[in-house]
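So you can see what is in the structure, the chains are spelled out below.
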Amino acid sequence: MQLYEVAVDRVLDVELRDEFIDRLNYVSKDIVSIEFIEEPKVIFTLEKGTEEEKDKIKRMTDRFYKSYKFFKNKVLYDHNIEVPNKKDVWDELVSSQAVVKEENGVVGISGVCLELLSYFSDQIKKMGEELGAVEYKYPTLIPIKTMQNIMYLSSRPESLNFVSRLNEDMNLIDDFSEQAKTIESDVDMSRLGSHFQTDMINSSAVCFHTYAQYKNRDLNLTDKPLIIGAEGKCFRYESKSMRTLERLRDFTMREIICLGTEEMISEYIKNVTEKIKLLFEEIGMNYYLASANDPFFVEEFSIQSTFQRTFGLKTEVNARLNGNFSKVAIGSINNHKDFLGRSFHITNNGKVINSSCAAFGLERCVYAFLNQYGLDKKLWPQIVRENANP
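Conventions adopted
- Residues numbered from 1 in each chain as written.
- Predicted model: local features only at pLDDT ≥ 70, side-chain atom pairs only at ≥ 80, totals over all residues.
- Heavy atoms only, no water.
- Helix = DSSP H or I, 4+ residues; strand = E, 2+ residues; numbered from the N terminus.
- Buried < 20%, exposed > 50% of the residue type's maximum accessible area, 1.4 Å probe, protein only.
- Pairing = 2+ DSSP bridges.
- Axes fitted to C-alpha atoms, helices over the stretch in contact; angles between N-to-C directions.
- Contact = heavy atoms within 4.5 Å.
- Phe/Tyr/Trp six-rings, centres within 6.5 Å; stacked < 30°, edge-to-face > 60°.
- Lys NZ or Arg CZ within 6 Å of the ring centre and 35° of its normal.
- Expected span 1.5 Å × (residues − 1).
- Salt bridge = Lys/Arg side-chain N within 4 Å of Asp/Glu carboxyl O.

## Focus on unusual backbone geometry
Okay, step 1: Of note in this structure, Met 151 is not a glycine but carries a positive phi near 55°.
Okay, step 2: With respect to the element layout, Met 151 can be found in the loop between helix H5 (144-147) and helix H6 (152-155).
Okay, step 3: A relative accessible area of 40% places Met 151 in the partly exposed class.

## Considering the sheet that holds strand S8 (residues 141-143)
Pairing between the strands of a sheet comes from backbone hydrogen bonds, and it takes one of two forms, parallel or antiparallel.
Okay, step 1: Here we have 3 strands laid out as an open sheet, ordered S8-S10-S9, and antiparallel in their pairing. Looking at the sheet topology across the chains shown, the edges are occupied by S8 and strand S9 (162-166). In this sheet, adjacent strand axes meet at a mean angle of 50° when their direction is disregarded.
Okay, step 2: The pairing of S8 with strand S10 (residues 196-202) spans 3 bridges and is antiparallel. Counterpart to Pro 143 in the pairing with S10 is Met 200.

## As for the side chain of His 336
Okay, step 1: Following the sequence through the fold, His 336 ends up in strand S15 (residues 326-337).
Okay, step 2: For His 336, a relative accessible area of 19% gives the class buried.
Okay, step 3: Beyond its immediate chain neighbours, meaning those up to four positions away, His 336 contacts Tyr 211, Ser 355, Ser 356 and Cys 357.

## Some remarks on the packing of aromatic side chains
Any aromatic ring pair is given by two values, namely how distant the centres are and how the planes are angled relative to each other.
Okay, step 1: Considering all chains together, one arrives at 13 aromatic pairs under this definition.
Okay, step 2: Here the aromatic rings of Tyr 136 and Tyr 138 are separated by 5.6 Å at their centres, their planes lie at 5°, and the arrangement is stacked.
Okay, step 3: You can call Tyr 136 partly exposed: its relative accessible area is 30%.
Okay, step 4: Three or more aromatic residues link up through ring pairs in this structure, and these residues are Tyr 77, Tyr 119, Phe 120, Phe 280, Tyr 287, Phe 360, Phe 369, Tyr 373 and Trp 380.
Okay, step 5: In this structure, Lys 277 packs its charged tip against the face of Tyr 77, placed 4.2 Å from the ring centre.

## Some thoughts on the pairing of strand S14 (residues 314-321)
Okay, step 1: Burial runs high along S14: 8 of the 8 residues are buried.
Okay, step 2: Burial along S14 is two-sided: the residues Lys 314, Glu 316, Asn 318 and Arg 320 and Thr 315, Val 317, Ala 319 and Leu 321 are all buried.
Okay, step 3: Here 5 bridges tie strand S13 (residues 287-291) to S14, and the two strands are oriented antiparallel to one another. Paired with Tyr 287 across the bridge in S14 is Ala 319.
Okay, step 4: Note: S14 against S15, 8 bridges, orientation antiparallel. For Ala 319, the partnering residue across the bridge sits in S15 and is Val 328.
Okay, step 5: Hairpin connection of S14 to S15: 4 residues between the antiparallel strands, including Asn 322 at a positive phi of 50°.

## Details of helix H4 (residues 111-130)
Okay, step 1: The end-to-end C-alpha distance of H4 is 29 Å, a good match for the 28 Å that 20 residues give at a rise of 1.5 Å each.
Okay, step 2: Those residues of H4 not exposed but buried are Val 112, Cys 113, Glu 115, Leu 116, Leu 117, Tyr 119, Phe 120, Ser 121, Gln 123, Ile 124, Met 127 and Gly 128.

## Things to note about the pairing of strand S12 (residues 250-260)
Okay, step 1: Taking burial as the measure, the 11 residues of S12 include 10 buried ones, the bulk of the element.
Okay, step 2: Sheet topology places strand S11 (residues 226-235) next to S12; 10 bridges connect them, and they run antiparallel. The residue bridging Ile 227 from the neighbouring strand is Cys 258, located in S12.
Okay, step 3: Examined bridge by bridge, S12 and strand S18 (residues 354-361) share 8 bridges and lie antiparallel to one another.

## Regarding the sheet that holds S18
Okay, step 1: What the 8 strands build is an open sheet, ordered S4-S13-S14-S15-S18-S12-S11-S7; its pairing is mixed. At either end of the open sheet lies a strand with only one pairing partner, and these are strand S4 (75-79) and strand S7 (134-136). Put simply, the sheet's adjacent strands are angled 20° from each other on average, direction ignored.
Okay, step 2: Of the pairings in the sheet, the one linking S7 to S11 comprises 3 bridges and is parallel in character. Paired with Val 134 across the bridge in S11 is Ile 228.
Okay, step 3: In this fold H4 packs onto S7, S11, S12 and S18, with an angle of close to 5° to the strand it touches most, S12.
Okay, step 4: On top of the sheet, helix H13 (residues 362-373) reaches S11, S12, S14, S15 and S18; it is set at about 145° to S15, its chief contact.

## Looking at the pattern of salt bridges
Okay, step 1: Summed over all chains, the structure comprises 18 salt bridges.
Okay, step 2: A salt bridge links Lys 233 to Asp 250; the nearest nitrogen and oxygen atoms lie 3.1 Å apart. With Lys 233 in strand S11 and Asp 250 in strand S12, the pair connects residues that are 17 residues apart, well separated along the chain.
Okay, step 3: Residue classification places Lys 233 among the partly exposed positions, given a relative accessible area of 35%.
Okay, step 4: For Asp 250, a relative accessible area of 23% corresponds to the partly exposed category.
Okay, step 5: Taking the shortest distance from any N to any O, the salt bridge between Glu 274 and Lys 277 comes out at 3.2 Å.

Structural data, given as C-alpha cells:
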C-alpha cells in the first residue's frame, strides 16, 4: 500500500467535496481511499502507485475543476428546524433487520423502512394526482437504442448497468454452461465474446420510459400539459460511493413528469415546488432547496452541467443529516427545456415540446427521515405515525 499526495488548483468548496470524491472513485479500481488534508491537497491511498494511476488522478482533478471553478450552489429556500435525532441510524437499521445488506448498494428492507417507503410513495403519488397526473407502471429494462436518443451511453458510461443475454446458439449455450461451472462470482465478459448480446440496460431513471412512449408523436395539447406519475426500480453503479441507503445501485424512484409548452412547464415547476414544500414541512423534515447540476464523468459533456447551473435548470431537495453536519439529496426538480422533446421528436401542435420532472429517491427519503427522527415512533410527527402503517 502506498500513499500519494496530490495538490489541486484551488480550495474546493465544502459542498462540492463529496461530488469530487464520487468522480475520483471511478478513476481507478486501485484507489483504496481518498481524503482531504491541509488545503489545497487531497491524499490518495492506492494499491498500485504507477505513474499511469497518478496521471489519471491529475486528469480527473483538472477536469472537475474546469467544470466547477465558477459555480457555487445557491440555497433557494430553507426549512431549517430542530429534529429529535442527531446521530446516524445505519447500524441500528442493519442490526434490527430493517435493512438487509446483500452487497454494497444492494439491500432489502422491512419494518419501519418498508412502512416509510410506502408512505413517501403514497404522498408523492397524491401530489402528482393533485397536479393532474395519470399513473403508469413502466418496466425495469430499457433498450439501449432508446437511451441513445440522448447519447446516454456516452455521457454517463460510468454508472451503466448492462443487461446481457446468451445468443440463440446451441453450441454457444453449451460452451457457456461448461465454463460457468468454474464461475464463483463475476462473469468475465471479455473471455466470452460472441456468446452475449447486450441490447438493454437497467433503467437509471423512470422518466426515460415516458419519452420513449411519446417518441415521434404530436401531443395536441391545448390549455393543459401532459402529466404522468410513475414509480419504478432504477439502477446506477456508483463505485465506492455506494453506502447506507444514501447511495444504492438498485433503488426506487417515484417521478412526476410533465410535457407541454414552455409556459406550461414554467407553471408546473412553480406548482410542484410549492407542493414539495408543503409536503415536507407537513411531515416535519429539516431540508432546503438548492441549485444543482447532474455530474458528467466525460469532459465533453460537462458543458451540460454548466448550462444547468447557469440557467437554474435543476433544483435539489436536500435533507440535513447527523445534526446538520451532512446532507442527502432526496429529490430534484428538473427543467429539461426542449432537449428531450428534440431528442425524441415529440411535438405539440407541430412545435417541439418542453418538459420537466420532479423525481424522488424513496430509500433516501426513508433514510433522511429516520436520521432526523430515529426509529422510535413515539418521536415521529403525528401525521407520519398515523399514516405510515405496516
